[in-house]
Amino acid sequence: MNDTDRRTDPDGDAPLRALALVCTLSPSPARSSSQLLAERTMAALAEHGVTGRTLRVVDHDVRPGVETDMGEGDAWPGIREAMLDADVLVLATPIWLGHPSSIAQRVLERLDAELAESDDEGRMLTYGKVAVVCVVGNEDGAHKVSADLFQGLDDVGFTLPANAVTYWVGEAMQRTDYQDLDEPPEATESTTRTLARNAAHLARLLKGAPYPPG
């Protein structure tokens, strides 16, 4: 490993890649609390040698369905390719009426196709990839939303590290959003740092010791 590698990879191992899928209902360039927390999570991952990009799903024509490709114009195949190239998937969603956003649900539905995909040794293509969750809202429900996403992500082959969610929820029935805060709360920042540290650690372990053949 050369000096450049060490600067980009403070953990001393091969760099990792991450993809953050932001499931806000607001298209760009509208401000988004989900986007902001996803970006903070990616910054925390970068401290552990994990690089990547953030993608706002609603900006792309992701068709409804449960196939890897729903035909001409479907944007999911390109997003899926980026996901399969990554070691860590960050799924960020707002809370709407106590549930993940409809965009997050669509992502899970498209990920359902991975159940039918496998490598030459019978492993799902998502095996060995780590998933973490970011949740924001000004209503209760962060634990419920993360539980819903955890179950779906686990079903389609991702591995969850310890402390796999970071979240912020404001006072219920009020209008303050995460993006409106002057400074991010230390509790959320600390949780994000823990998530990033554990996700990078687990991704490196899985990269070095893949799951057994199917």
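> I tried to follow the pairing of strand β5 (residues 130-137) on my own but got confused; where do I start?
Side-chain direction in a regular strand flips from residue to residue, so the side chains alternate between the two faces of the sheet. Across the eight residues of β5, eight count as buried, placing the element largely inside the fold. Residues V130, V132, C134 and V136 of β5 are buried on one face, and the alternating residues A131, V133, V135 and G137, pointing to the opposite face, are buried as well. Pairing geometry for strand β3 (residues 88-96) and β5, over seven bridges, is parallel. Counterpart to L89 in the pairing with β5 is A131. Running through helix α5 (residues 142-155), the crossover from β5 to the neighbouring parallel element strand β6 (residues 165-169) is right-handed.

> Sorry if this is basic, but what is going on with the packing of aromatic side chains here?
The description of an aromatic ring pair rests on the distance of the ring centres and on the angle between the ring planes. All told, the structure shown has two aromatic pairs when counted by the stated rule. With a centroid separation of 6.0 Å and 45° between ring planes, the pair formed by W168 and Y178 is classed as tilted. Taken together, the positions of W168 in strand β6 and Y178 in the loop between β6 and α6 (186-208) put the pair ten residues apart, joining distant regions of the chain. The same class applies to W168 and to Y178, which are both buried.

> Mind showing me how you'd approach the packing of helix α4 (residues 102-111) against α5 here?
Axis angle and axis distance: for two packed helices, these are the angle between their axes and the distance between the axes, and together they describe the pair. Two numbers describe how α4 lies on α5: the axes approach to 9 Å, and their chain directions differ by 15°. The orientation of α4 relative to α5 falls into the category roughly parallel. Crossing hand, α4 versus α5: left-handed. Within the contact between the two elements, α4 uses A104, L108 and L111 and α5 uses L149, G152 and L153. Residue composition of the contact of α4 with α5, by class: five nonpolar, one polar and no charged.

> So what exactly am I meant to see when it comes to a nonpolar patch on the surface here?
Side chains of L25, W96 and L97 sit close together on the surface and give an oily, nonpolar patch of about 370 Å² of accessible area. You can see L97 is positioned in the loop between β3 and β4 (99-100).

> I would appreciate a short explanation of the layout of surface pockets in the present structure.
Rolled over the atoms, a probe with the dimensions of a water molecule shows which regions are left empty. For the largest pocket, the calculated volume is near 300 Å³. Along the wall of the largest pocket there are 18 residues; nearest its centre are S33, P94, W96, V136 and D177. Of all the elements in the fold, those that place two or more residues in the lining of the largest pocket are α2 (33-46), β3 and β5. Its boundaries defined by the atoms lining it, the second largest pocket holds a volume of some 210 Å³. Lining the second largest pocket are 13 residues, and of these Y127, G128, K129, L206 and P210 lie nearest its centre. Among the residues forming the lining of the second largest pocket, the class breakdown is seven nonpolar, one polar and five charged.

> Before we go on, may I ask you to explain helix α3 (residues 76-85) in this structure?
Structurally, the α-helix is built with 3.6 residues per turn, so residues lying three or four positions apart point the same way. Residues of α3 that are buried include every one of W76, I79, R80, A82 and M83, and no others. Considered in projection along α3, the buried side chains sweep an arc of 160° and stay on one side of the axis. Summarising the geometry of α3, the exposed residues directed more than 90 degrees from the buried face are E81 and D85. The elements touched by buried residues of α3 are β1 (16-22), β2 (50-56), β3 and α4.

Cut-offs and rules
- Residues numbered from 1 in each chain as written.
- Predicted model: local features only at pLDDT ≥ 70, side-chain atom pairs only at ≥ 80, totals over all residues.
- Heavy atoms only, no water.
- Buried < 20%, exposed > 50% of the residue type's maximum accessible area, 1.4 Å probe, protein only.
- Helix = DSSP H or I, 4+ residues; strand = E, 2+ residues; numbered from the N terminus.
- Pairing = 2+ DSSP bridges.
- Right-handed = clockwise from strand over helix to strand, strands pointing away.
- Phe/Tyr/Trp six-rings, centres within 6.5 Å; stacked < 30°, edge-to-face > 60°.
- Axes fitted to C-alpha atoms, helices over the stretch in contact; angles between N-to-C directions.
- Parallel < 35°, antiparallel > 145°, perpendicular 65-115°, else oblique.
- Left-handed = near helix turned anticlockwise from the far one by under 90°.
- Contact = heavy atoms within 4.5 Å.
- Nonpolar A, V, L, I, M, F, W, Y, C, P; charged D, E, K, R; others polar.
- Patch = residues over 30% accessible without salt bridge, like charges linked within 9 Å, V, L, I, M, F, W, Y side chains within 5 Å.
- Areas by Shrake-Rupley, 256 points an atom, 1.4 Å probe, with all protein chains shown as cover.
- Salt bridge = Lys/Arg side-chain N within 4 Å of Asp/Glu carboxyl O.
- 1 Å grid on protein atoms, 1.4 Å probe; cavity = no way out; pocket = protein on both sides within 12 Å on 5 of 7 lines; lining within 4 Å.
- Points joined across faces, edges and corners; volume = space filled by probe spheres on them.
- Arc of directions from axis to C-beta.

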